[in-house]
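Here is what each chain is made of, one letter per residue.
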Amino acid sequence: MSTDAMPWPRSQPGARSFPEKLHEWVTTVDHKRLGIMYIVYGLVFLLVGGIEATILRIQLMYPQNDFVSPQVFNRLFTMHGTTMIFFMAMPLVFGFANYLIPLMIGARDMAFPRLNAFSFWLTAFGGIFLYFSFLGANGLYGAGNAPDVGWFAYAPLTSRTFSPGHSTDYWTLALLVSGFGSIGTAINILATVVCMRCPGMTLAKMPLFVWLCFVMGGLVILAVSPLSAAQIMLLIDRYLGGHFFDTQAGGSAVVWMHFFWVFGHPEVYVLVLPAFASASEIIPVFSRKPIFGYPIMVAATVAIAFISLSVWAHHMFTVGMNSNGNIFFVVSTMAIAVPTGIKIFNWLATMWGGKIDFETPMLFCTAFLFQFLFAGLTGIMLGSAPFDWQLGNSYFVVAHFHYVIVGAIVFCLFAAFYYWFPKMSGMMYNEALGKLHFVLFFIGFHLTFDVMHIPGLLGMPRRIYTYEPGRGWDTLNLIVTIGAFFQGLGILVFVFNLLWSYFFGEAAGSDPWDAWTLEWSTASPPPAYNFAVIPAVRSRRPLWDLKHPEDPDWRYE
Amino acid sequence: MSPTNIFAPASTSAKWIFDLSLFVLSVTAVIFVVVFALLVYAVVKFRRRWGDDGREPPQVYGSNQVELAWTVIPVLIVVTLFLATARVVTAVQNAARPAGAIELIAIGHQYWWEYRFPGLNVVTANELHLPVSDPARPSPTFITLLSADTDHSFWVPRLAGKTDLIPNRVNKMWIDPTEPGLYLGQCAQYCGTQHAKMLLRVYVDSREAFDRWIKEQSQPARTGGNVSVGQKIFESTSCINCHTVQGTVANGRFGPDLTHLMSRETLAAGAAPNTPENLRLWIQNPDALKPGSRMPPMGLGDRELDAVTAYLLTLR
């Protein structure tokens, strides 16, 4: 059969066939498309990790419940944690950073477009590889065997003695591969922010979103590198006869903990800084005021980044460090509360005296402020080492970090979705559905994570597949599970809203929020080249200057 | 009330931690109430009202005085909290060891606890007895924590904060119980499939009861009655590779010491009550009580099972 006899079905220009579109997306190096792919990828894993969490919660509804076996439960909490950190939160924050940074600094793309695509595909491959373990880890002859070592995979459970088969290898390689992707994206963000700003945009005139993502990029390089090193050491232990973490041959389990948490704690800030970044754009626009104390906000961000590199061993207060070691990590941990507190106060002061519109993005940001305040205060309790000797590794910790990751990061990400959805799709989302999503998710979040603190105070450790009756944990766990269903419902409304609005929504126009940063000056969705003419700016709010020529910002900066 | 409530301390160090936690809780609660109130006020007061003229509010860019205030005040709070914390850290970790202290070695195994009193010639498993400490003449227990395999953590909330048991590492902790009673807890560091059923039971006895318990536990096995068939099966199968019965050929160390098995109220690290039926089921098929347990099913026939169970029931 010759190709002449069967011509490729070419339709009229503009309406391309599905394989053509697919080919365009797969081979794209456009930061906007890569950003959207990161976001869609993160959303898919949000659903996957959410389903895993729901199964865990059903198992814990009642004491001595028998919904899943202990083996399956242990695999699911490992996969849930790994997925949510590395394949939900990281891709989502990278997605927004990728999409928005060039638009906000008036550039036409990231500094290294092909590195950008390469990094995305590494991350994508990592996630798929991790999930392939369900089929491949035990070989196709056995039952599926996903990793069951917990998301921080403490040695020596990961050694071949305690983890035969390949499940730990899938975990290690997935994180190694996606880690290289993260480092690539981080380098790209740093290079873009340093080199690609439009005329007039000095560092002190960058939108806060860009500043925070810039600091996040630096943190990624410093945090993910030791994690990658540790993964390589673990592989050497498992296959080349190394003894880094092999306690049976003189290795040290504690060294793994240091490696992991020297990554693990800055990682929290890698995720939360982009969340702060979104809040720092959304709160001013919906309060109709500029961000309060811009230079202090930048300084606080940099301070958080520096201090966050010196707090890791507060995850290790119970491993038997001496009192001097513990006291050092108490003081560094508590010190981080100061710049974080400054941020909360500055957001509050931004709202103060404004005219606040409570559209969906602002609803999520407002809830974020309350929740982050609470999460910060439980963090102080955990930072007080003796209190941590009681609270550490209990459900109190689980509640605390879900308060940070869901209550702060995911709430801000939802705010970012609703805020920038019109820009990315060109369509306005449905406001009523957005508010319904907020209400459901807000109720679910508080049912689940407020209540979850209490079993921790009553002595319930994390990572147990079942528990004894009569310890005062039963009713609390039931409420926690009910909350999970509300959250699931909220997510379904959210996904439906995105899809429905994308196909049937109303056109949003280029600037639906009457906002002030450069991405709102171009069309929605922006053309491939972003700006027909590279803009020049004179202040932090270039669009304010345009809209208010009688009272421009540059007079005051 | 929950038997594992961290706010019901029954020992000296747990009480210190409790007092510190009340202080930290009250400071954070005050911060929460103040900032919460400010946020609520801002949300309510500065929301856009009906019939707003649509004009932009005054554009305020910042204020150095205000920034200074909300930097300095948190710094002062942090310093206070830090000093209070450091005091308790030092007091607990650097506590002097009184003359009457009892020495104990606790070893974590995949899913059970081994206890050794080196000076008292006692080895036991899963159910720990300690003497109540008299404030006039304190007899705290100083524990050396070891692990035979993976990481574990010793956490009896009413008696002490948790400390990890890490292979190839020696950790220390101490307990100074002030009230007699049974204290529950469980392993608090994920250690494998049955992490959930690695439960802790600590009996704090009066001094006399504790001395009696030590005396009983230090005796070799006394077998009475007609159980030689069961003993013979036990000693001729692989049971003895893992279990010790003092005074017999059984001297394995991989599993719990069974010399005084029937002095314990539970089986399998607290997974089930120690009844004859449960004991038989446990020997027949450990996974029935604790799936993933390291003990293999022994593949014994019904009569052999009955005989071995009868033998073990005599180990008091």
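1. A word on the overall build of chain B
Stage number 1. When its secondary structure is counted, chain B shows 8 helices and 12 strands.
Stage number 2. Over its C-alpha atoms chain B spans a radius of gyration of 27 Å, topping by over 25% the 20 Å that the globule rule assigns to 316 residues.
Stage number 3. Taken along its principal axes, the extent of the C-alpha atoms in chain B is 95 × 50 × 35 Å.
Stage number 4. Considering only intrachain contacts with a sequence separation of at least 6, the fraction spanning at least 24 residues in chain B is 63%.

2. Things to note about the domain arrangement of chain B
All names here are of chain B.
Stage number 1. One can read the domain layout of chain B as domain 1 (1-39 + 62-218) and domain 2 (229-313).
Stage number 2. Computed over C-alpha atoms, the centres of domain 1 and domain 2 are 32 Å apart.
Stage number 3. Summed over both sides, the interface between domain 1 and domain 2 buries roughly 1,700 Å², with carbon and sulfur atoms accounting for 46% of that surface.
Stage number 4. Its largest share of buried area at the contact with domain 2, domain 1 owes to Trp112, Glu127 and Lys197, together 26% of the area lost on that side.
Stage number 5. The interface formed by domain 1 and domain 2 contains 2 salt bridges.
Stage number 6. Its salt-bridge partner being Glu265, residue Arg201 comes within 3.3 Å of it at the nearest N-O pair.
Stage number 7. Counting every contact that joins domain 1 to domain 2 gives 15 residue pairs in polar contact (both at pLDDT 80 or more).

3. Quick notes on the nonpolar core
The tendency in soluble globular proteins is for nonpolar side chains to be buried as a group.
Stage number 1. Counting residues in each nonpolar core, the largest one holds 220 residues, and the members touching the most others are Phe96, Trp256, Trp347, Phe368 and Trp420 of chain A.
Stage number 2. Broken down by element, the residue count for this core peaks at 24 residues, all from helix 13 (residues 395-425) of chain A.
Stage number 3. Apart from residues lying up to four places away in sequence, Phe96 of chain A is in contact with Ile39, Ile101, Phe209, Leu413, Ala416, Phe417, Trp420 and Met424 of chain A.
Stage number 4. Counting residues in hydrophobic clusters, the runner-up holds 31 residues, among them Ile102, Ile175, Met198 and Val202 of chain B.

4. Structural notes on the packing of helix 1 (residues 12-45) of chain B against helix 2 (residues 64-93) of chain B
Residue and element names in this part refer to chain B.
Stage number 1. Following both chains from N to C, one finds helix 1 and helix 2 inclined at 170°, their axes separated by 10 Å at the closest point. When the axis of helix 1 is compared with that of helix 2, the two are roughly antiparallel. Residues Ser13, Trp16, Leu20, Phe23, Val24, Val27 and Ile31 of helix 1 lie in contact with helix 2, whose contacting residues are Ile77, Thr80, Leu81, Ala84, Thr85, Val88, Ala91 and Val92.
Stage number 2. Each residue belonging to the contact of helix 1 with helix 2 can be placed in one class, and the counts come to 12 nonpolar, 3 polar and no charged.

5. Here we look at the pattern of salt bridges
Stage number 1. For the structure shown, the criterion picks out 22 salt bridges over all chains.
Stage number 2. Asp553 of chain A is the salt-bridge partner of Arg541 of chain A, the closest N and O atoms lying 2.6 Å from each other. Here Asp553 of chain A lies in the segment after helix 16 (542-547) and Arg541 of chain A lies in the loop between strand 2 (506-507) and helix 16, a separation of 12 residues in the sequence.
Stage number 3. Here the salt bridges share partners, and the residues they tie into one network are Arg288, Asp511, Asp514 and Lys547 of chain A together with Glu56 of chain B.

6. Points about the side chain of Thr244 of chain B
Residues and elements named next belong to chain B.
Stage number 1. Among the secondary structure elements, Thr244 is positioned in the loop between helix 5 (239-242) and strand 11 (266-267).
Stage number 2. Since its relative accessible area comes to 10%, Thr244 is described here as buried.
Stage number 3. Among the polar contacts listed, one links the side chain of Thr244 to the backbone oxygen of Gly252, at a separation of 2.5 Å.
Stage number 4. Here Thr244 is in contact with Ala250, Asn251, Gly252, Pro256, Asp257, Leu258 and Thr259, once residues within four sequence places are set aside.

7. Concerning a nonpolar patch on the surface
Stage number 1. Together, Phe496, Leu499, Trp500, Tyr502, Phe503 and Phe504 of chain A make up an exposed nonpolar region whose accessible area comes to about 710 Å².
Stage number 2. Position of Leu499 of chain A among the secondary structure elements: in helix 15 (residues 474-504).

8. A short note on empty space enclosed by the protein
One simple way to see leftover space: roll a probe sized like a water molecule over the atoms.
All names here are of chain A.
Stage number 1. With the rule as written, the count across this model stands at 4 cavities of 30 Å³ or more.
Stage number 2. Here the largest cavity defines a volume of roughly 210 Å³.
Stage number 3. Lining the largest cavity are 19 residues, and of these Glu281, Pro290, Ile291, Arg540 and Arg541 lie nearest its centre.
Stage number 4. For the lining of the largest cavity, the per-class residue count stands at 12 nonpolar, 2 polar and 5 charged.

9. A word on the sheet that holds strand 8 (residues 171-175) of chain B
Residues and elements named next belong to chain B.
Stage number 1. Spatially, 5 strands are ordered 3-2-1-5-8 in an open sheet, and the strand pairing comes out mixed. The open sheet has two edge strands with one neighbour each: strand 3 (122-125) and strand 8. Averaged over neighbouring strand pairs, the angle between their axes works out to 25° when direction is ignored.
Stage number 2. Packing of helix 3 (residues 207-217) onto the sheet brings it into contact with strand 1 (102-109), strand 2 (112-117) and strand 3, and relative to strand 3 it is tilted by some 95°.

10. Let's talk about the confidence of the model for chain B
Stage number 1. With 99% of its residues at a pLDDT of 70 or more, chain B shows a mean pLDDT of 93.
Stage number 2. At the level of chain-chain contacts, confidence expressed as ipTM amounts to 0.94, with global pTM at 0.94.

11. Here we look at the interface of chain B and chain A
Stage number 1. If you look at the interface, chain B gives 87 residues, while chain A gives 97 residues.
Stage number 2. With both chains or domains summed, chain B and chain A bury close to 7,800 Å², and 67% of this area falls on carbon and sulfur atoms.
Stage number 3. In this assembly, chain B and chain A are joined by 4 salt bridges.
Stage number 4. Its salt-bridge partner being Arg48 of chain B, residue Asp357 of chain A comes within 2.6 Å of it at the nearest N-O pair.
Stage number 5. There are 40 residue pairs in polar contact (both at pLDDT 80 or more) connecting chain B and chain A.
Stage number 6. The set of elements that each furnish at least two residues to the side of chain B that touches chain A consists of helix 1, helix 2, strand 7 (163-165) and strand 9 (181-186) of chain B.
Stage number 7. At 16 residues, the largest contribution of residues to the side of chain B that touches chain A is made by helix 1 of chain B.
Stage number 8. Here the residues of the side of chain B that touches chain A sort into 45 nonpolar, 28 polar and 14 charged.

12. Some points on the environment of Trp211 of chain A
Residue and element names in this part refer to chain A.
Stage number 1. Checked against the element boundaries, Trp211 lands in helix 6 (residues 208-239).
Stage number 2. As a C-alpha pair, Trp211 and Ile344 span 133 residues in sequence and 17 Å in three-dimensional space.
Stage number 3. What Trp211 contacts, discounting residues up to four positions off in sequence, is Leu203, Met206, Tyr294, Val298 and Val302.
Stage number 4. From its side chain, Trp211 meets the backbone oxygen of Leu203 in a polar contact 2.8 Å long.

13. What to know about the sheet that holds strand 10 (residues 199-205) of chain B
Two pairing modes exist for strands in a sheet, parallel and antiparallel, and in both the strands are linked by backbone hydrogen bonds.
All names here are of chain B.
Stage number 1. Strand order in the open sheet formed by 3 strands is 4-10-9, with mixed pairing between adjacent strands. At either margin of the open sheet sits one strand with a lone partner, and together these are strand 4 (127-131) and strand 9. Neighbour to neighbour, the strand axes of the sheet diverge by 25° on average, direction disregarded.
Stage number 2. One ladder, built from 5 bridges, connects strand 4 with strand 10; its direction is parallel. Each residue of the ladder has a partner; that of Leu130, found in strand 10, is Val204.
Stage number 3. Packed onto the sheet, helix 3 meets strand 4 and strand 10 and runs at close to 135° relative to strand 4.

14. Considering the packing of aromatic side chains
Residue and element names in this part refer to chain A.
Stage number 1. Under the definition given, this model contains 82 aromatic pairs over all chains.
Stage number 2. Here Phe244 and Phe245 contribute two aromatic rings whose centre-to-centre distance is 6.2 Å and whose plane-to-plane angle is 45°, an arrangement assigned as tilted.
Stage number 3. A relative accessible area of 37% places Phe244 in the partly exposed class.
Stage number 4. Judged by its relative accessible area of 2%, Phe245 is buried.
Stage number 5. Here the aromatic rings of Phe414 and Phe494 are separated by 4.8 Å at their centres, their planes lie at 70°, and the arrangement is edge-to-face. Of the two residues, Phe414 is situated in helix 13 and Phe494 in helix 15; the sequence distance between them amounts to 80 residues.

15. A closer look at the layout of surface pockets
Residues and elements named next belong to chain A.
Stage number 1. Empty space within the second largest pocket amounts to approximately 1,000 Å³.
Stage number 2. As for the second largest pocket, its lining consists of 29 residues, and the residues nearest its centre are Trp25, Ile36, Val40, Ser425 and Tyr502.
Stage number 3. When contributions to the lining of the second largest pocket are tallied by element, the ones reaching two or more residues are helix 1 (18-27), helix 2 (31-59), helix 3 (70-104), helix 13 and helix 15.
Stage number 4. With 8 residues, helix 2 is the largest single contributor of residues to the lining of the second largest pocket.
Stage number 5. Looking at the lining of the second largest pocket, its residues break down into 24 nonpolar, 1 polar and 4 charged.

Procedures and definitions
- Numbering of residues starts from 1 in each chain and follows the order in which that chain's sequence is written.
- Working convention: letters from A go to chains and numbers from 1 go to ligands, in the order in which they are written.
- In view of the model being predicted, local features appear only for residues whose pLDDT reaches at least 70, and side-chain atom pairs are presented and counted only at 80 or more, with totals across whole chains, interfaces and linings using the full set of residues.
- Heavy atoms throughout the structure, all of them, feed into the side-chain values; hydrogens and water do not.
- We count a stretch as a helix when DSSP gives it H or I for four or more residues in a row; a strand needs E for two or more, and each element gets its number in order from the N terminus.
- Computation of the radius of gyration draws on C-alpha atoms, with the globule rule given as 2.2 Å multiplied by the number of residues to the power 0.38.
- Throughout, a residue-residue contact means that at least one pair of heavy atoms, one from each residue, lies within 4.5 Å.
- Note: domain ranges come from an automatic or database domain assignment.
- Values labelled buried area give the accessible surface lost by two parts on being combined, using a 1.4 Å probe and summing over both.
- Whenever Lys or Arg places a side-chain nitrogen within 4 Å of a carboxyl oxygen from Asp or Glu, that contact is recorded as a salt bridge.
- Two N or O atoms count as a polar contact when they lie within 3.5 Å, although within protein this holds only if one can serve as hydrogen donor and the other as acceptor, and sequence-adjacent residues are included solely when both atoms are side-chain atoms.
- For the purposes of this section, nonpolar cores are sets of buried Ala, Val, Leu, Ile, Met, Phe, Trp, Tyr and Cys residues that join through side-chain atoms within 4.5 Å.
- When accessible area is computed with a 1.4 Å probe and restricted to protein chains, residues below 20% of their type maximum are described as buried, those above 50% as exposed, and intermediate ones as partly exposed.
- Axes here refer to lines fitted to C-alpha atoms; in helices the fit is confined to the stretch in contact. Angles between the N-to-C directions go from 0 to 180 degrees.
- Comment on the angle field: the value is read as roughly parallel under 35 degrees, roughly antiparallel over 145, roughly perpendicular from 65 to 115, and oblique elsewhere.
- Nonpolar residues are Ala, Val, Leu, Ile, Met, Phe, Trp, Tyr, Cys and Pro. Charged residues are Asp, Glu, Lys and Arg, and all others, Gly as well, are polar.
- Patches here: salt-bridge-free residues with over 30% relative accessible area, like charges joined within 9 Å, nonpolar side chains (Val, Leu, Ile, Met, Phe, Trp, Tyr) joined within 5 Å.
- In these tables, accessible area is a Shrake-Rupley quantity obtained with a 1.4 Å probe, and a residue counts as shielded only by the protein chains included in the view.
- Cavities and pockets were defined on a 1 Å grid built over protein atoms only: a cavity is a set of grid points that admits a 1.4 Å probe from which the probe cannot escape, a pocket is an open set flanked by protein on both sides within 12 Å along at least five of seven lines, and lining residues are those with an atom within 4 Å of any such point.
- Grid points are joined across faces, edges and corners, and a volume is the space filled by probe spheres set on the points.
- Whether two strands pair comes down to DSSP finding at least two bridges between them.
- Per residue, pLDDT captures the predictor's confidence, and it can take any value from 0 to 100.
- Here is the rule: rings of Phe, Tyr and Trp (six-membered ring for Trp) pair when centre to centre is within 6.5 Å. Planes less than 30 degrees apart are stacked, more than 60 are edge-to-face, and the remainder are tilted.

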